[in-house]
Amino acid sequence: MLTVVAPSLAALFYLFAIAEDQYASSVSFSVRSEDLGSALSLLGGLSSLSGASSSDADILYQFIQSQELVQRIDEKIDLHAIYSKPTFDPIYAFDKDGSIEDLVSYWGSMVKIFYDRGTGLIELRVQAFEPQDAQRVAQEIYDQSSLMINQLSAIGRVDTTRYAKEDLDTAVERLKAARTALTEFRSRTQIVDPSADIQSQMGLLNTLQQQMTASVVELNLLQSSSKPEGDPRIEESERRIAVIQKLIDQEREKFGVGNGVNAPDGDSNFSTLVGEFERLNVDREFAEKAYLAALATYDTAVAKAQRQSRYLAAHVTPTLAEDARYPQRMQTVLLVSGLLLAAWGIAMLVYYSVRDRR
């Protein structure tokens, strides 16, 4: 009577006379990942819609039980007021003055989570003392969970494009430096394209050599047809040959600097300028190719990040209860009575066993 009957009657009285009715709202959802694939895949009809990785659902499962979620919902709809509505219910009601840690502990008894790791489906049963409150809490859980998944998706997009953007920025700076160096070279030497200047200077040198050849032939003819002593034509031809030879020597010494521009170090050797120009031009071409490769990588990363998105798909939206199904009074009374009866039976067996040994 004291061990089984009296506690069972007390539990029966409390559950049917004191405990407030509780209404349940159900919601079921899963994390989905949409991958549209490339443009060729879209044309081929190969787009796919698949479930997200299990890590996303695991994160969401832990988030629903976290203090952060409880605190967010409490700040928005005041969970303290919702769960402390019964005027007198020492077991199922929440103390309005309880701390956030107490609320998190109480949250686990009012929000039941059923998580299938195989399919990634999450089902919630949210209980409250009014059906509208249960539905509001369930809706807030779904909204906050959806916000969390959106944040994870945004973080994933940022991580996907961050390194590609850093490489692109580096390539842009390298290309700017290469083009600036080439522009400074052209401004300093007044040479836009050394290859064009080479052709021009080669033409001038060829012309001088042709004149030299013609002058030598003319001198030979004069020397063979007249007396070399005292002939002014021979002297003039020799002076002409000397002047042309001097010009040829000058052009060979300062090849390509016929416009009077010298190298920055004072050296008039055109090969030095050509070597510097080729080095700068190779640097520019390499920087351009690196920039195009980095730009293509960045565009690919952005397109991939835009194609892949995660979102929360609700299979069952938060329901509005019509009947109070909780607490399950009769089942609870039977469970309490059964446990008390089992405890009493074990105690009796132990007692008689000890007595018989004596």
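The shown structure was predicted, so the numbers you read here are calculated from the model rather than taken from an experiment. (Residues numbered from 1 in each chain as written. Predicted model: local features only at pLDDT ≥ 70, side-chain atom pairs only at ≥ 80, totals over all residues. Heavy atoms only, no water.)

## Thoughts on the overall build of the protein
Okay, step 1: Counting secondary structure elements, the protein contains eleven helices and five strands.
Okay, step 2: In the protein, which comprises 358 residues, the proportion classed as buried is 33%.
Okay, step 3: For the protein, restricting intrachain contacts to residue pairs at least 6 apart in sequence, the fraction spanning at least 24 positions comes to 77%. (Helix = DSSP H or I, 4+ residues; strand = E, 2+ residues; numbered from the N terminus. Buried < 20%, exposed > 50% of the residue type's maximum accessible area, 1.4 Å probe, protein only. Contact = heavy atoms within 4.5 Å.)

## Points about the pattern of salt bridges
Okay, step 1: Within the structure shown, the criterion is met by twelve salt bridges.
Okay, step 2: One salt bridge in this structure joins D133 and K85, with 2.4 Å as the shortest N-O distance. Linking D133 in helix 7 (residues 131-189) with K85 in the loop between helix 5 (79-83) and helix 6 (100-110), this pair joins segments that are 48 residues apart in sequence.
Okay, step 3: Taking the relative accessible area as the measure of exposure, D133 reaches 4% and is therefore buried. (Salt bridge = Lys/Arg side-chain N within 4 Å of Asp/Glu carboxyl O.)

## A word on the nonpolar core
Okay, step 1: If you look at the biggest cluster of nonpolar residues, it comprises 36 residues, and the most contacted ones within it are L79, Y83 and I141.
Okay, step 2: Taken together, the elements giving at least two residues each to this core come down to strand 1 (23-35), helix 3 (54-64), helix 4 (67-77), helix 5, helix 6, strand 3 (111-116), strand 4 (121-128) and helix 7.
Okay, step 3: In terms of residue count, helix 7 provides more of this core than any other element does, eight residues in total.
Okay, step 4: Look past the residues within four positions of Y83 in its chain and what remains in contact with it is A93, F94, Y106, M110, V126, Q127, A128, F129 and V137. (Core = buried A, V, L, I, M, F, W, Y, C linked by side-chain atoms within 4.5 Å.)

## Let's talk about the pairing of strand 3
Okay, step 1: Burial along strand 3 is one-sided: the face carrying V111, I113 and Y115 is buried and the face carrying K112, F114 and D116 is not.
Okay, step 2: As consecutive antiparallel partners, strand 3 and strand 4 are separated by four residues, and within that stretch G120 has a phi angle of approximately 80°, a positive value. (Pairing = 2+ DSSP bridges.)

## Quick notes on helix 7
Okay, step 1: Spanning 59 residues, helix 7 covers 85 Å between terminal C-alpha atoms, matching the ideal 87 Å at 1.5 Å per step.
Okay, step 2: Its maximal kink placed at R162, helix 7 deviates by approximately 30°.
Okay, step 3: Q190 sits one or two positions beyond helix 7 and adopts a positive phi of about 60°. (Expected span 1.5 Å × (residues − 1). Bend = angle between axes of the 7 residues up to and from the residue.)

## Considering the packing of aromatic side chains
Okay, step 1: For the coordinates displayed, the defined rule picks out seven aromatic pairs.
Okay, step 2: Taken together, a centroid distance of 5.8 Å and an interplanar angle of 40° make the contact between F185 and F277 tilted. Here F185, found in helix 7, pairs with F277, found in helix 10 (residues 270-307); they are 92 residues apart in sequence, far enough to count as distant. In this pair, the class of F185 matches that of F277, namely buried.
Okay, step 3: Members of the aromatic cluster, each reached through a chain of ring pairs, are Y83, F94 and Y106.
Okay, step 4: A cation sits over an aromatic face here: R162 above Y163, 4.7 Å from the ring centre. (Phe/Tyr/Trp six-rings, centres within 6.5 Å; stacked < 30°, edge-to-face > 60°. Lys NZ or Arg CZ within 6 Å of the ring centre and 35° of its normal.)

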